[in-house]
Amino acid sequence: MSTKDRKQELDAFWDIDGLMPAKRPAVQRRPGAIDAVEIEVPSAKPPRDQSDTKLSKSVPAKRTPAPEAPVVPDAVWEMQGGLVHRVTVYPWKSGYTYYEKFCRDGEYLRRIKGKEAPHVGFFSYMPQYGQMTKPQLAYYLWWRENIRSNGVYLPADYSYILLNMYELINLPDDDPVKVRDALCRLWVAYHKDVPRLDRYFAEWICDFCLLHGLPAPVEQLAPIREDVLAVATLKEFYLDCGQGASEAAAYAKALLGFCCQYDYRKSKFAQGESKALYDRIVPGVLTYLLEQGGAGAQILRGKGDVQESVVSRDSYVAALCSHRIKKRIEVRYCSISRSHELRFAVTDMVKYTENRIRAHMGVKSRLSVTTLSDEVKREMDVYLDAQVPRMKSREQEQQEQYEKLYDLPVSPLDLSRSAEIEQESWETTKRLVEAFDQVGEGLAPSEDPLPPVGEGLAPSEDSFPPVGEGLAPPEDSFPHVGEGLAPSEDPFPPVGEGLAPFAPQNDLAAALSDYLPFIAAAARQDAGAQRAAARQAGRMLDAMADEINEIAAEVFGDVILEEGAQGYVIIEDYREQLSSLYEV
């Protein structure tokens, strides 16, 4: 190959256009052809440089949309006795009419009494009157008549029960309590036969009660309480916190199941024979607190400082309902799953109860309890002291037995016996006096331990002669009481005449004048005021109390302050006597 051909070959290697497949020639299409035609579009011109373009000074103002008017609620209910505290009912956001025919048919058929008819099967996902045949409608009316008149629930298909529920919640009635009870009886009657209706019953009965401000039907649903709580989304509505024995026991059991972070049944001590004791005492102490209505009951009912939750729900979800009863419901309640204060309180109540059971069993290990106040513990102790008293240790029993030896005998008051004891005391005194007189009778005069005054001593000018001999009585001597004195010259006049009364309180008040704010705070048992008074005086709290007691001991004869639960307090024996100190 020549050099020229070799160069052409190398140049052809870099010819990219030559490697591309040749374009097929365009085929002339007949008019009206709908096939795709390949065309070439020339590239658009590059945009002109608009950097020199002047911006317009007038910019259109953006308009802020007007705020929506607040929605006025249809009703506001303040609920009592349960964990649901407040219910606000708002209107539905839009109206609709596609269920009005059902309501008109229901208004007509509700006044018709059914006649005996054989059972005919019927099924519909959303049953209505117009979907039934004449035999099906005849049996429905007969089945409904037995419920209304006799309280007899004949066999019924799923769709018959669902249709009756639609009828009860859609057709207006003057007595909402009667409708609520009818829904509850229908649920209890067919709960076992048609369990898939439970989730509808639980939600729609709750919605009906919230819309009308009715309390939870606890008694009506008592036979199926466990299943109700298992399927309900707003379990707090069905948890009644009443003070009655049955309501309190049911509520306590529900709290243990849904609102406790500690399962006592898994404790290694709650096994065997002790299991029955645990199952009786743990729910029993919660029931007792609810029945008493004290501080423990307030916590268990979700009152006080327990955090509230708010939930918004649409009424009658998945139900056939008219726009008249379709509402939005806002519920303010104490959530058993979200209120941490309630969960911690129930958990600590269970732990505190198990600690008492362990102490009753003689077990030394204890569970930690951190959130219960002393007031709640005292309320629980009243029940627990009677049910599971603490087992005393061997040392305590020995100490009590020893202290009993020094207990005074208990005997009734007998005045005659008191007189005998007094007479025996005088006789003992007489014998002691006679015994001491006999001690000096057998001694020589020189051995007399106390010789007469002046014997054996040289007389001196400062000796003491017998009283009245050789000495003239001084002018200020005291004569015998009552002899030679006028009544006015009585040496001991009545108290208050001519003498200033003795008032140690006044002397103590003067001595403690700089400490009166501290003493007044101690009388009120105000620890904060005591610390403030000590700071103002530039002293420590204990040092200031010691100073007051030292002054009181010197002037009054005893200390007046002692330590108490709220700082220093005035000793109870002197509180009334020294009232002038802290009333200044």
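Residues numbered from 1 in each chain as written. Predicted model: local features only at pLDDT ≥ 70, side-chain atom pairs only at ≥ 80, totals over all residues. Heavy atoms only, no water.

Engineer: Can you walk me through the overall build of the protein chain in this structure?
Structural biologist: Broken down by element type, the protein chain carries 21 helices and six strands. Expressed as a percentage of the 584 residues in the protein chain, the buried residues total 34%. Excluding contacts between residues fewer than 6 apart, the proportion of contacts in the protein chain whose partners are at least 24 apart in sequence is 65%. For the protein chain, the computed accessible surface area is about 40,000 Å², with 54% contributed by carbon and sulfur atoms. (Helix = DSSP H or I, 4+ residues; strand = E, 2+ residues; numbered from the N terminus. Buried < 20%, exposed > 50% of the residue type's maximum accessible area, 1.4 Å probe, protein only. Contact = heavy atoms within 4.5 Å. Areas by Shrake-Rupley, 256 points an atom, 1.4 Å probe, with all protein chains shown as cover.)

Engineer: Explanation requested: the sheet that holds strand β4 (residues 327-333) in the structure shown.
Structural biologist: Hydrogen bonds between backbone atoms are what pair the strands of a sheet, whose relative direction is either parallel or antiparallel. With antiparallel pairing, the four strands of this open sheet are ordered in space as β1-β2-β4-β3. Either end of the sheet is taken by a strand with one partner, and the two such strands are β1 (75-78) and β3 (309-314). Between one strand axis and the next, the sheet turns through 15° on average, direction left out of account. Pairing of β1 with strand β2 (residues 84-91) involves four bridges; the strand directions are antiparallel. If you follow A75 over to β2, its bridge partner there is V89. (Pairing = 2+ DSSP bridges. Axes fitted to C-alpha atoms, helices over the stretch in contact; angles between N-to-C directions.)

Engineer: Explanation requested: the side chain of E100 in the structure shown.
Structural biologist: Tracing the chain through its elements places E100 in helix α3 (residues 100-109). For the buried E100, which has no salt bridge, the nearest side chain bearing the opposite charge is R324, at an N-O separation of 4.3 Å. Engagement of the side chain of E100 in a polar contact is seen with the side chain of S322, the distance being 3.0 Å. Among residues more than four places away in sequence, those in contact with E100 are S322, H323 and R324. (Lys, Arg positive; Asp, Glu negative; His and termini not counted. Salt bridge = Lys/Arg side-chain N within 4 Å of Asp/Glu carboxyl O. Polar contact = N/O pair within 3.5 Å; in protein donor to acceptor, adjacent residues only side chain to side chain.)

Engineer: Where do I start with a negative patch on the surface in this structure?
Structural biologist: Taken together, the side chains of D542, D546, E550 and E563 make up a negatively charged region of the molecular surface. Tallying contributions element by element places helix α20 (residues 541-555) first for the negative patch, with three residues. Note on placement: D546 falls in helix α20. (Patch = residues over 30% accessible without salt bridge, like charges linked within 9 Å, V, L, I, M, F, W, Y side chains within 5 Å. Charge placed at Lys NZ, Arg CZ, Asp CG, Glu CD.)

Engineer: Sorry if this is basic, but what is going on with the packing of aromatic side chains here?
Structural biologist: To describe a pair of aromatic rings, you give the distance between the ring centres and the angle between the ring planes. Scanning the entire structure with this criterion turns up 19 aromatic pairs. Ring plane angle 20° and centroid distance 4.8 Å describe the contact between Y96 and Y98, whose orientation is recorded as stacked. Using a relative accessible area of 60% as the deciding quantity, one classes Y98 as exposed. One aromatic cluster is present, formed by F102, F122, Y129, Y139, Y140, W143, Y153, Y160 and Y190 through successive ring pairs. Of note, R196 hangs over the ring of Y158, and the distance from its end group to the ring centre comes to 3.8 Å. It is R328 that lies over the ring of Y90; its NZ or CZ is 4.5 Å from the centre. (Phe/Tyr/Trp six-rings, centres within 6.5 Å; stacked < 30°, edge-to-face > 60°. Lys NZ or Arg CZ within 6 Å of the ring centre and 35° of its normal.)

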